[in-house]
Amino acid sequence: MKFMKLGSKPDTFYTAEAVRSVSSEVSSDLVIQVQGHRYLLHKFPLLSKCLRLQKLCAESPESSPRQIIQLPDFPGGIESFELCAKFCYGITITLSAYNIIATRCAAEYLQMTEEAEKGNLIYKLEVFLNSCILQGWKDAIVTLQSTKAFPSWSEDLGITSRCIEAIAARCARQKNLSKGWWAEDVAELGIDLYWRTMIAVKSGGRVPSHLIGEALQIYASKWLPTKQVIPDIDSDKTGEKTSKYRLLLESIVSLLPCEKGAVSCSFLLKLLKAANLLKASPSSKMELARRVGIQMDEANVKDLLIPSLVSETRYDVDIFMAILEQFLSQGQSPPTSPPRTKGRYERRRRSRSAENIDIDFQERRRSSSASHSSKLKVAKIVDKYLQDIARDTNLPLSKMVAIAEAIPSFARIEHDDLYKAIDIYLKAHPELTKSERKRLCRVLDCKKLSVEACMHAAQNELLPLRVVVQVLFFEQARAAMAGGKVTDLPPDIKALLAAQDDDSSRPPAALSTTTTIPGTEDQWSVSGLKSPKSKLSTLKMKLAEDDLEENGIAKGLKFKNLCSIPTRPKRMFSKLLSINNNRSVAEKN
């Protein structure tokens, strides 16, 4: 820390009977009262350097033997006044970053300018401030912090802005800009000064955005509320603490760099959780949701579970949907297969129904400019998220379905995680009607389930009957193809299986047959599976009844194809039956 000494005389100020005086052969002729304290001093050294005292003495009547001057609202109090008075007497004073602001404001109050005397205190303070204090990093930080005690004076004198400019310049002038060495020191500032400093740092354009993001993360971790201070916020009846933290959060959000990846997705989600807790402005929350959405593929499912404070659901599903929507609306994704010629596309288009065309169009619009791999990552994140929120008994079916259907079909290579989420939701919501269960399961693609998932689904009594039939049908067809008996399948079934985009070449997802679904007693096993023979005879009849209930008539080709399952179990049914028998024998032994 740098310092400056002025004057050469020894200190002769002393206190007697609560009055401060200065030792002198000449009796005092001036009484100055500062914040309830009295000083017995002399006109000659003081009035020669202080224009304000000259005017006050000229305006006030003289009283014998001493003239009394009142100095109300003196900046810096008696400490600053005494430094100025000692300077007038030529007594040695020491100035540093800790007291230069208070002394400068006091000198301005007393009007210790060059007009009164050349080389006056204001001139000397300005030289020291500009040539020494603002050239040092620690000195500039301490001085800027000191301005908080004299906000209006510091602003009027331009000290605050000069300190901020000096700090920002020091951040940008360093040779090694790959490290944010300055972040910890700047984090000591209050939010108002910190915000202005960071604006200056950003406007300089020389500090990389990731270092600015790192600095914001350091500041947030230092000042934003943690779990330990949440009870204080909850008990904040006046709202002062909450308002303070809310201003802090919204200021940090306004400073976030525009560049993607400048701050981590985890940090953005922590800010979003804090925004919910502090009831920040909707604009701040949506800005955070937008930024999270841009890099959602980096998110952790645990961080996305944002507690809800206003709705009945346990987690804020609406903000998650806003994040997901932002991710999916970033533009057009790269094609996942070679582009088709116009003629081929037109032929394909004519073969589709208007509903399917509309679905494809909406999916293309939802696709983002992010890489294909990021789409796959987000699909897995969404399915894991669905598993966590599915346990909430207050979660509406419409939101569960909306989130599940938001993911483009190409992004879900396998549907095991989605099936788990559906299974958990069905267990947590036993009151669902048949039509509601059908609506929930509509997004499930049985062709993309692993063998283990199919085995679990085949005995899942909560699933709609149609889904169970489809699971059994596709697994049997898949087994037939694997055994080289493709010719045994009807032509439309071959075409359906061929449309799996070569998923059959991908090894099935590793899903243990004994993995327990968290929060439930159920396990993914074939224990207790009924014999396919006993079920199969009634399966076709129930399916036909289901069709008639839903549409009033049988659905022709689809119904015929599903009913073409042989009455005798083939590969899958035999496999399930043998496993069940083996487990029964093992249990008896």
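Bear in mind that the values here come from a model prediction, so they are computed numbers and not experimental data. (Residues numbered from 1 in each chain as written. Predicted model: local features only at pLDDT ≥ 70, side-chain atom pairs only at ≥ 80, totals over all residues. Heavy atoms only, no water.)

**Things to note about the pattern of salt bridges**
Within this structure, the stated rule accounts for 19 salt bridges. Of the charged contacts, one joins E287 and R291 as a salt bridge, the two residues approaching to 2.7 Å between their closest N and O atoms. On the criterion of helical spacing, the pair formed by E287 and R291 is a turn pair, its members being four residues apart in helix 15 (residues 282–294). Residue classification places E287 among the partly exposed positions, given a relative accessible area of 22%. Between E414 and K380 there is a salt bridge; the shortest N-O distance is 3.6 Å. Of this pair, E414 sits in the loop between helix 21 (397–406) and helix 22 (416–428) while K380 sits in helix 20 (residues 372–389), placing them 34 residues apart in sequence. Its relative accessible area of 47% is what places K380 among the partly exposed residues. In the salt-bridge network here, residues are joined through shared partners; they are D11, R20, E82 and K86. (Salt bridge = Lys/Arg side-chain N within 4 Å of Asp/Glu carboxyl O. Helix = DSSP H or I, 4+ residues; strand = E, 2+ residues; numbered from the N terminus. Buried < 20%, exposed > 50% of the residue type's maximum accessible area, 1.4 Å probe, protein only.)

**Here's the deal with the packing of aromatic side chains**
Using the criterion set out here, one finds ten aromatic pairs in the structure. Ring centres 5.6 Å apart and planes at 90° place the aromatic pair F74 and F81 in the edge-to-face group. In this structure, F74 and F81 share a single accessibility class: buried. Clustering of aromatic rings is evident, with ring pairs tying together Y39, F74, F81, Y109 and W153. We note K447 situated over the ring of F474; from NZ or CZ to the ring centre the distance is 5.6 Å. (Phe/Tyr/Trp six-rings, centres within 6.5 Å; stacked < 30°, edge-to-face > 60°. Lys NZ or Arg CZ within 6 Å of the ring centre and 35° of its normal.)

**Concerning the environment of S23**
Mapped onto the elements of the fold, S23 is located in the loop between strand 3 (19–22) and strand 4 (30–34). In this structure S23 comes out as partly exposed when scored by relative accessible area, which is 46%. Contacts of S23, omitting those with residues within four sequence positions, involve T12 and Y14. (Contact = heavy atoms within 4.5 Å.)

**So, the side chain of N99**
Among the structural elements, N99 can be located in the loop between strand 7 (93–96) and helix 4 (100–110). Here S96 takes part through its backbone nitrogen, which lies 2.8 Å from a polar atom of the side chain of N99. The contacts of N99, once residues within four sequence positions are left out, are L83 and T94. (Polar contact = N/O pair within 3.5 Å; in protein donor to acceptor, adjacent residues only side chain to side chain.)

**Comments concerning the packing of helix 22 against helix 23 (residues 434–441)**
Between helix 22 and helix 23, whose axes approach to 10 Å, the crossing angle comes to 160°. In this view, helix 22 runs roughly antiparallel relative to helix 23, as classed from their interaxial angle. Our pair here, helix 22 against helix 23, has a crossing hand that is right-handed. In this structure, helix 22 contributes I422, Y425 and L426 to the contact, and helix 23 contributes R437, L440 and C441. (Axes fitted to C-alpha atoms, helices over the stretch in contact; angles between N-to-C directions. Parallel < 35°, antiparallel > 145°, perpendicular 65-115°, else oblique. Left-handed = near helix turned anticlockwise from the far one by under 90°.)

**Some details on the side chain of K448**
Examined against the element boundaries, K448 turns out to sit in the loop between helix 23 and helix 24 (451–458). In terms of polar contacts, K448 uses its side chain to reach the backbone carbonyl oxygen of R412, at 2.9 Å.

**Description of the pairing of strand 5 (residues 37–41)**
When strand 3 meets strand 5, the two strands line up parallel, connected through three bridges. When the bridges of strand 5 are listed, S21 appears paired with L40. As paired strands, strand 4 and strand 5 are joined by five bridges and run antiparallel to one another. Each bridged residue has a counterpart across the sheet, and for I32 the counterpart in strand 5 is Y39. (Pairing = 2+ DSSP bridges.)

**Digging into the confidence of the model for the protein chain**
The predicted model of the protein chain has a mean per-residue pLDDT of 80, with 72% of residues at 70 or higher. Segment residues 500–538 is flagged for pLDDT under 50; beyond a separation of four residues in sequence, or across chains, it makes 74 contacts in the model. Across residues 552–573, where pLDDT falls below 50, the model places 47 contacts with residues more than four positions away in sequence or in other chains. (pLDDT = per-residue confidence, 0-100.)

**A word on the sheet that holds strand 4**
With mixed pairing, five strands are arranged side by side in an open sheet as 2-3-5-4-6. Sheet topology places strand 2 (13–16) and strand 6 (67–70) at the edges, where each strand pairs with a single neighbour. Ignoring strand direction, the axes of neighbouring strands in this sheet form an average angle of 25°. Two strands pair when backbone bridges link them, and strand 2 and strand 3 are joined in this way by four bridges, in the antiparallel orientation. Within strand 3, the residue paired with F13 across the bridge is V22. Sheet strands in contact with helix 2 (residues 51–59) are strand 4 and strand 6, and its direction is about 125° off that of strand 6.

**A look at the layout of surface pockets**
To locate leftover empty space, one rolls a probe as large as a water molecule over the atoms. In this model, the second largest pocket occupies a volume close to 720 Å³. If you go around the second largest pocket, you meet 22 residues; those closest to its centre are P225, T226, K270, K273 and A274. Taken together, the elements giving at least two residues each to the lining of the second largest pocket come down to helix 11 (209–223), helix 14 (265–278) and helix 16 (301–304). It is helix 14 that contributes the most residues to the lining of the second largest pocket, eight residues altogether. Its residues assigned to classes, the lining of the second largest pocket comprises eleven nonpolar, six polar and five charged. (1 Å grid on protein atoms, 1.4 Å probe; cavity = no way out; pocket = protein on both sides within 12 Å on 5 of 7 lines; lining within 4 Å. Points joined across faces, edges and corners; volume = space filled by probe spheres on them. Nonpolar A, V, L, I, M, F, W, Y, C, P; charged D, E, K, R; others polar.)

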